[in-house]
Amino acid sequence: FAKLFLFGGCLPCWDSCSMQQTKDGYSLPTETRKPPQGRLQLWWKRLIGPTQGVSRRFSSWRGALNEPNQRVIRADCERTKADMEYFRQANVRDKMEAMLTCWCQTQNTKYKQGLNEVLAPFLNLQVPLSGETDEGRTPAKDDEVFDLFAAFVQHYAPFFFCEEFVPLQCAFIFFRRLLLYHCPQLQNFFAEKGVTPDMFCMPWFLTLFASKTPMRLTVQLWDRLLERGEQHFFMFLALAVVIKAEQTILQAERSALPEILTSLGVFSVKEMESLWSFAEELVMQTPATFMSRVRRIVLHPEEKELPQLERLEKEGVFFIFPEEVVGHCYPPRPGEALKPWQPPPSCTWRLLLLDLRPAAEFEAMRLPAAVHFDAAARFPQSSWSGRKAALFTKGSSAPESSEVLDALKETLGENWLGDDQAHICLVGRSEESRLLRAMYTVLTSELSLRHISVASGGFEAVLKFAQKYSYDIVQQERWSPVGAFDSVLRPRAGPSAASLAAESAAVAAAAAEGAAKKLSSGLSLLANLSAKREEGKTEKATTPAAAIPKLIDRPGNWSPEADMSQLPKLFQKDLQSAFWHYNDCIALIVRPPNAMCPELTNRGLQGCKSVLAIQHGQLLCAKVLGEELSLLAKFDVHQVAKVTSKKTMPQTAHFHIDKDPSAEPWMVLYFSGAEKVKSFVFALQAARKARPPAKPPQKPGPLGVPAFAQEVVAQRLSSEGPMLQEQAAEQPKDGALPDSPKAHEQQADGQAERPQDGAVPDSPK
C-alpha cells in the first residue's frame, strides 16, 4: 500500500498476473485481480463493462515523448490541478505526460489542450480518499486509469478527435437553439450584445466541467453523469448554470459580461444538487428530437463534418421531427405498445400544433389536433408571404409583434401564455416557408416566448408519416365537376324543360372547353416549372462552396495608393458602451470618402478585418489594427434603407443607404456565419425603434432666432466660453433672464449683445 501511494502506481505490479501471447509475439500480462471497488468499480462498469478485462495498452506502450507539441503537453501537465499536493509530484506529472502522449499516438491524433483536465479525475483514482471506510478499496493501476480515460474521451468527449473542432462548433449551435427554446430573453440578450456560447461554454463542453470545478466535486458530478448514462446531459447542465444566473447577466454591463460568464460553474455540493435537479427538469421539457440530433451530429457524427456544420448554421430554427409531432398528436391505440417516437407517460408537456397554411389547404386536409392560424390572411398588408427580397427593408410592412400576440390570444385563448406545459410547434407548407420563418422570429426573438419549434419537413412530411401508420386525417370532400354538371344538366319540370336542357348543355360544353384549355395551360406550366427546377438543381449542384475572403490592409474596393493614415482614429475601449458590437467581420466593399481614392473595378474576394458597432444611434465600421481602429464608415441607423444578402453567400450583408442615387450597395461586410448577419439585423431593428429619427429643422418663425444671430453667439461662445460660464455662475437664482434688458445692462460695454427673442438652439454650450 505504501509503495503504491508513494509512487502513485507508476511501477507495474506483476504479482497476481498471468502472461498472454499477442499477435506480434510479445507476452503481455493479463489482469486476474479482484474486481475494483467503490468509484473505480462504478466507472469501470459504465465505461468499459463489468466483465471486460484491462487492456494493458499503457504498460505495453514503447513510444517516445516526441509529439510535435510535446512542450505544450508538458506545460499543461505542470499546471494541472496545481492546488493539489498529489498532482504537484514530479512522478505524477511524468506519468500524466506519458499517458497523454500514449493516447495521442495510439489514436493517431494531435494533442489538444483540455485532455489533461479530462485525465486528472482518473489519475485521482490512485489516491485514497480521506475518510475512506472500505478497507478492500485499492488505488487504481495505471492501465485501469488509461483504459477509463480512453473510454471516457471516446463516449463523452469526442471533440478531441477532430482537428478543427467541428463537432464542438455544432454543439455551440445546438446550445444556442436550446437556450432560445427555454430562455429566449437571455439568448436575445446575448445576441444583442454579441455574446456567443464559445466565449464561456468551451471549458464546460470540452472537459465536462472538470477544468474549473474542484476535484472533490468533479468526481461526484461524474459519478452522476456516468450513472445516468446520457452523453448529451452535459449540455443541459451548462444550460442550467446559465439560466440560474439569468438576472445577474441581464443586469450587467456589456464590458462586465466576459468576467461574469467565465466565473460561472459548480462550486459546492448544494449548488451541484440544485443545478442537477434543474437540468433534469430541462431534459423533461425538451423534445426528444433535440437529444437525438445532438447524439447523431455532435457525439457520433457519421458524415463529413463541414457540410453538416454549414447546414446546421442555415437552419436557424428549433426543429422537431415529423414522427415526434405525430406521436404527440395521436395517443397510443388501446392494446398497442408504446412506439419509440411517442412520448412516455412521464411526459408532462403537450404539443400544440399551429398550422400556418392558407385556409383552403387547412380545410382540405389537416391533423385532428391542429389549430389554424392564417397569418397571411390576418395581416394582408405584411410582406411575410411574399418572396424574400431583403433581410431588412426600411419601408417593410411586417406586422408589429404586439399585433401578432393579440391575434394568437384570439386564436388560442387568453390563458395560453401562462401555460408552461404548452409547447407550440409551427407547421407550414414546408420548413423553408417565408411566413413560417418570420413567425418563428417574431415569437422567439421579438416576443421572447418559450418553447417554440418548427415541424421538420413541413406539413407534407408530417402527413406522410401519419398516413404510414394509418392515423386518421381530417379531409374535406373536394369539388367535383361531374356533380356541378349534373346540377346544371338536370331537366326542370314544365313546358320549357327542353330549352333549359339545351341551354344547360351549351353551358356545360363551354365549361368543358374552358376546363380543357386551363388543363392544357396548367400542364405546360408544370412542365416549364419542372424544367426550371431541374436547371436550378443542376446549377446548385455545380455551384462551388463559398470561399473565405483574403485578408488585406484595406477594404477590397480601395486602391493600394489610398492613404489609410487620413482616416479618423478610434480605440477598442471607445466601443465598450456600444448598443451592439461585433469584431469579427471583413470589410469587402466600403464607399471611400470623396477624393480619397478611386474604387477598383476588378477586385477579388478580399478585404480588411473590421469591427461593426451600433453606438448612440450611429452605425460604425472601422478597420482593426490591435487596439487602434481606423473609421471606414459612419452614418445614422435611420439612413440604412435596407440590408440584403445573396442566396449563394448568406454570410455577407449588403448595406444600402437612404437617398443614394446608385443601386450599388454602400458597404458589403463578410460575417463568420449567417446567424451573425441575422443577429445584426435584429440589433439594427431594435436600435431604430429605440432611437426615433431626428425631425428635420424647422424654419425660424417670427419669434425664432435668425441665422446671423446664431453665428454671432456661436463665435462668442467659442472665444469667451470659460468667462461666460463664470459670469453665469455668479448670477443669483432669482436674477433676471439672460436675454432681458436688465441682464444686458450688466454686461461689459464692448461685449456683443445677445438677441432677445429666444434661446439659441444647438449651440456648443
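In the block above lies the structure referred to throughout.
Only a predicted model underlies this, so the values are computations on that prediction, with no experimental measurement involved.

(A) Focus on the overall build of the protein chain. Across its full length, the protein chain carries 27 helices and 19 strands. In the protein chain, which comprises 765 residues, the share counted as buried stands at 44%. Sequence separation of at least 24 residues holds for 72% of the intrachain contacts in the protein chain that already meet a minimum separation of 6. Split by element, the accessible area of the protein chain, about 41100 Å² in all, is 54% carbon and sulfur.

(B) View of the nonpolar core. Formed by 132 residues in total, the largest nonpolar core has its most connected members in Phe122, Phe190, Trp204, Phe205, Met235, Ile249 and Leu426. Here this core takes 12 residues from helix H7 (residues 166–182), the largest share from any one element. Residues in contact with phenylalanine 190, not counting those within four places in the same chain, are Leu179, Val195, Phe200, Val242, Ile249 and Leu261. Judged by nonpolar contacts, the second largest core, of 33 residues, contains Trp580, Cys597, Ile614 and Leu684.

(C) Representation of the sheet that holds strand E9 (residues 452–455). Pairing in this open sheet of five strands is parallel, and the strands run E3-E9-E8-E4-E6 from one edge to the other. Single-partner strands in this sheet number two, and they are strand E3 (319–320) and strand E6 (371–372). Examined bridge by bridge, strand E8 (residues 422–427) and E9 share three bridges and lie parallel to one another. The partner of cysteine 425 across the bridge, within E9, is serine 453.

(D) Local environment of the side chain of aspartate 143. Checked against the element boundaries, aspartate 143 lands in helix H6 (residues 142–156). Within polar-contact distance, the side chain of aspartate 143 engages the side chain of arginine 56 at 2.8 Å. Engagement of the side chain of aspartate 143 in a polar contact is seen with the backbone nitrogen of phenylalanine 58, the distance being 3.3 Å. Aside from chain neighbours lying at most four places away, what touches aspartate 143 is Val54, Arg56, Arg57, Phe58 and Ser59.

(E) Focus on the pattern of salt bridges. For the structure on display, the rule yields 23 salt bridges. Residues glutamate 78 and arginine 74 are paired through a salt bridge, measuring 3.3 Å at the closest nitrogen-oxygen approach. Taken as a pair, glutamate 78 and arginine 74 lie in helix H3 (residues 70–79) at a separation of four residues, close to a single helical turn. With relative accessibility at 37%, the residue glutamate 78 sits in the partly exposed group. The salt bridge partner of glutamate 675 is arginine 177, with a shortest N-O separation of 3.2 Å. Taken together, the positions of glutamate 675 in helix H25 (residues 674–690) and arginine 177 in helix H7 put the pair 498 residues apart, joining distant regions of the chain. Accessibility assignment for this pair places glutamate 675 and arginine 177 in one class, buried. When salt bridges that share partners are traced, they join Arg74, Glu78, Asp94 and Glu97 into one network.

(F) Seen up close, the pairing of E8. Extensive coverage of E8 is indicated by the burial of six of its six residues. Of the two faces of E8, both are covered, the one formed by Ala422, Ile424 and Leu426 as well as the one formed by His423, Cys425 and Val427. Looking at chain direction, strand E4 (residues 350–355) and E8 are connected through six bridges and run parallel. What sits directly across from leucine 351, in E8, is histidine 423. The β-α-β motif built from E8, the intervening helix H21 (residues 434–446) and the parallel element E9 has right-handed crossover chirality.

(G) Molecular detail of the side chain of arginine 176. Residue placement: arginine 176 occurs in helix H7. Setting aside residues no more than four positions away along its own chain, arginine 176 makes contact with Gln187, Pro197, Glu313 and Glu675.

(H) Fine view of the packing of helix H5 (residues 115–123) against helix H10 (residues 215–228). It is at 10 Å that the axes of H5 and H10 come closest, and there the two elements cross at 85°. Taken together, the axis directions place H5 and H10 in an arrangement best described as roughly perpendicular. Residue-level contacts link Val118, Ala120, Pro121 and Phe122 of H5 to Met215, Thr218, Val219 and Trp222 of H10.

(I) Examining helix H8 (residues 184–193) more closely. Burial analysis of H8 places seven of its 10 residues in the buried class, which makes it a mostly covered element. Of the surrounding elements, those touching the buried residues of H8 are H7, helix H11 (233–244), helix H12 (246–250), helix H13 (257–262), H21 and strand E13 (580–590). At the C-terminal side of H8, glycine 194 shows a positive phi close to 75°.

(J) Focus on unusual backbone geometry. Within the chain, arginine 56 stands out as a residue other than glycine whose phi angle is a positive 65°. The residue arginine 56 is located in the loop between helix H2 (38–47) and H3 in this model. Backbone geometry at serine 448 places phi at a positive 55°, although glycine is not the residue there.

Cut-off values and rules
- Residues numbered from 1 in each chain as written.
- Predicted model: local features only at pLDDT ≥ 70, side-chain atom pairs only at ≥ 80, totals over all residues.
- Heavy atoms only, no water.
- Helix = DSSP H or I, 4+ residues; strand = E, 2+ residues; numbered from the N terminus.
- Buried < 20%, exposed > 50% of the residue type's maximum accessible area, 1.4 Å probe, protein only.
- Contact = heavy atoms within 4.5 Å.
- Areas by Shrake-Rupley, 256 points an atom, 1.4 Å probe, with all protein chains shown as cover.
- Core = buried A, V, L, I, M, F, W, Y, C linked by side-chain atoms within 4.5 Å.
- Pairing = 2+ DSSP bridges.
- Polar contact = N/O pair within 3.5 Å; in protein donor to acceptor, adjacent residues only side chain to side chain.
- Salt bridge = Lys/Arg side-chain N within 4 Å of Asp/Glu carboxyl O.
- Right-handed = clockwise from strand over helix to strand, strands pointing away.
- Axes fitted to C-alpha atoms, helices over the stretch in contact; angles between N-to-C directions.
- Parallel < 35°, antiparallel > 145°, perpendicular 65-115°, else oblique.

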